[in-house]
Amino acid sequence: MTNVHDPNVPLGATIRSGLTGRCPSCHKGKMFAGYLTLAPRCETCELDYGFADAGDGPAVFVILITGFIVVGLALIAEILYQPSYWLHALVWGSLAIVLPLLLLRCFKGVLVALQFRHKAEEGKLLSE
C-alpha cells in the first residue's frame, strides 16, 4: 500500500481517524504506540509519522475546554443547589482531572490527522 495523500477524503473521515487513533492515510493502522506516544509508522500502510508534531496544541485546547465545562457546571450547580464546598471540591476536582485525560489523546490524534491532510510543515523564513 502506498502513502499517497488523497485530497478526496472527507474532512469527517480525517477527524474520525484522529479521534479513534487510526492512521490518517489508510484509516486502519494504529497512530499511537502508547497513551500519547506516536508510533514510528503505521503498521498497515507504513506511513512514517515523522511529519507529526502537535506540540502544545492539544493541551491548550483541552485546558480551555475543560475549564469552560468545569467552571460553567460549577457555577450552575452553585446557583441552583448551593452545595457545600467539600462537595464542589470532590465533584469538580475529579472532573477537572478525568476530563483532560479523556480528551488529550483524541485532540492529539485529530491535530496529527489534520497535519497530514493539509500537508503541514514547519514554518520557514524566506531569505531575501
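Quick note: structure is the one above.
As the structure is a computational prediction, the values presented were derived from the model and not from experiment. (Residues numbered from 1 in each chain as written. Predicted model: local features only at pLDDT ≥ 70, side-chain atom pairs only at ≥ 80, totals over all residues. Heavy atoms only, no water.)

### A closer look at the overall build of the protein
For step 1, the next point in the chain: When helices and strands are tallied, the protein shows three helices and zero strands.
For step 2, the next point in the chain: Against the compact-globule benchmark of 14 Å for 128 residues, the protein has a radius of gyration of 19 Å, which places it well outside the compact range.
For step 3, the next point in the chain: Each of the three principal axes of the protein carries a C-alpha extent, and together these read 60 × 45 × 25 Å.
For step 4, the next point in the chain: Counting the 128 residues in the protein, one finds 30% classified as buried.
For step 5, the next point in the chain: In the protein, once contacts between residues fewer than 6 apart in sequence are set aside, the share between residues at least 24 apart is 55%.
For step 6, the next point in the chain: Element-wise, carbon and sulfur atoms account for 66% of the exposed surface of the protein, whose accessible area totals about 8700 Å². (Helix = DSSP H or I, 4+ residues; strand = E, 2+ residues; numbered from the N terminus. Rg over C-alpha atoms; globule rule 2.2 N^0.38 Å. Buried < 20%, exposed > 50% of the residue type's maximum accessible area, 1.4 Å probe, protein only. Contact = heavy atoms within 4.5 Å. Areas by Shrake-Rupley, 256 points an atom, 1.4 Å probe, with all protein chains shown as cover.)

### Considering helix α3 (residues 85–117)
For step 1, the next point in the chain: For α3, built from 33 residues, the straight-helix expectation of 48 Å at 1.5 Å per residue is met to within 8% by its first-to-last C-alpha distance of 46 Å.
For step 2, the next point in the chain: The principal kink in α3, of about 30 degrees, is found at Leu 103.
For step 3, the next point in the chain: Listed as buried for α3 are His 88, Trp 92, Leu 99, Leu 103, Lys 108, Gly 109, Val 110, Val 112, Ala 113, Gln 115 and Phe 116.
For step 4, the next point in the chain: On its buried face, α3 sits against α1 (11–20) and α2 (57–81).
For step 5, the next point in the chain: Immediately beyond the C-terminal end of α3, within one or two residues, lies Lys 119, with a positive phi of roughly 50 degrees. (Expected span 1.5 Å × (residues − 1). Bend = angle between axes of the 7 residues up to and from the residue.)

### Notes on unusual backbone geometry
For step 1, the next point in the chain: One non-glycine residue, His 27, lies in positive phi territory at about 65 degrees.
For step 2, the next point in the chain: You will see that Lys 119, though not glycine, has its phi angle at about 50 degrees, which is positive.
For step 3, the next point in the chain: Tracing the backbone shows Lys 119 in the segment after α3.

### So, a nonpolar patch on the surface
For step 1, the next point in the chain: A contiguous nonpolar surface patch, about 1100 Å² in accessible area, is contributed by Phe 61, Ile 65, Phe 68, Ile 69, Val 71, Leu 73, Leu 75, Ile 76, Ile 79, Leu 80 and Tyr 81.
For step 2, the next point in the chain: Within the secondary structure, Ile 65 is located in helix α2. (Patch = residues over 30% accessible without salt bridge, like charges linked within 9 Å, V, L, I, M, F, W, Y side chains within 5 Å. Salt bridge = Lys/Arg side-chain N within 4 Å of Asp/Glu carboxyl O.)

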